[in-house]
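# Inside the fold
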Amino acid sequence: ITVLEPAMKLTSMYDLKDALCAGSNDGSIKVITSGGTTLIQYAISPHLSQFLDSNLLANLFAGSYDIVVQDALGCYQKEGKTIGEPAPLEALTLPSSVVQEICFDDKNAAFNILVSGGTLPYRIALDDPNGNYSTGTLSQKQFDFKNLRGGTHTVYIQDAHDCTLD
């Protein structure tokens, strides 16, 4: 008696793409399979009983996921994978850097901000969200604003993936 088995064991490799912005759902897991009996299907938690024909599991938030890869004969693998995300963008005005305008319309006020989170380099615009953004260096986290009029100023920040500070 000859007992047949699939030519190769079902095996999987995973290509993980983290979410680009904190809180976004643009992470993905691409499953590359070999072996098993063709018609491979894929399921991802929390819906492990709903199988998909696509090996691209997309629109994922940061977090841990269980993935089931199953072939046509019901042979399967289950593995856990984690999608990451960058830290949220944050900005802090350096209190010691604030220079008040001395006389009306002198335009000699100034302040510095320190940006963290997201993905470098940062792009910064002052007082106009549609304005002229200037891009910092690959490691620049501090931005200096000088020659300003007195009053309230708003700094708009984008990171390398167009994530914005809310």
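A short tour of the structure in this document, coming up. Bear in mind the structure is a predicted one, so any value in this text is a computation, not a measurement. (Residues numbered from 1 in each chain as written. Predicted model: local features only at pLDDT ≥ 70, side-chain atom pairs only at ≥ 80, totals over all residues. Heavy atoms only, no water.)

### Brief notes about the sheet that holds strand β5 (residues 63–70)
Paired through their backbone hydrogen bonds, the strands of a sheet run either parallel or antiparallel. Taken in spatial order, the three strands line up as β3-β5-β6 in an open sheet, and their pairing is antiparallel. The open sheet is flanked by β3 (41–44) and β6 (76–83), the only strands paired with a single partner. In this sheet, neighbouring strand axes are inclined to one another by 25 degrees on average, regardless of whether the strands run parallel or antiparallel. As defined by bridge partners, β5 adjoins β6 across eight bridges and the pair is classed as antiparallel. In the sheet register, Ile67 faces β6, and the bridge partner there is Glu79. (Pairing = 2+ DSSP bridges. Helix = DSSP H or I, 4+ residues; strand = E, 2+ residues; numbered from the N terminus. Axes fitted to C-alpha atoms, helices over the stretch in contact; angles between N-to-C directions.)

### Remarks on the pattern of salt bridges
The full count for this structure, using the stated rule, is four salt bridges. Measuring nitrogen to oxygen at the nearest pair gives 3.8 Å for the salt bridge that ties Lys17 to Asp15. Taking the relative accessible area as the measure of exposure, Lys17 reaches 45% and is therefore partly exposed. Between Asp162 and Arg123 there is a salt bridge, with the nearest N and O atoms lying 2.2 Å from each other. On the criterion of sequence distance, the pair formed by Asp162 in the segment after β12 (155–158) and Arg123 in strand β9 (residues 123–126) is long-range, its members being 39 residues apart. A residue is classified by how much of its surface remains accessible, and Asp162, at 53% relative accessible area, is exposed. (Salt bridge = Lys/Arg side-chain N within 4 Å of Asp/Glu carboxyl O. Buried < 20%, exposed > 50% of the residue type's maximum accessible area, 1.4 Å probe, protein only.)

### Concerning the environment of Ala125
Structurally, Ala125 is set in strand β9. A sequence separation of 31 residues divides Ala125 from Tyr156, and the C-alpha atoms of the two residues are 5.1 Å apart. With residues up to four places along the chain from it excluded, the contact list for Ala125 reads Asn132, Tyr133, Thr154, Val155 and Tyr156. (Contact = heavy atoms within 4.5 Å.)

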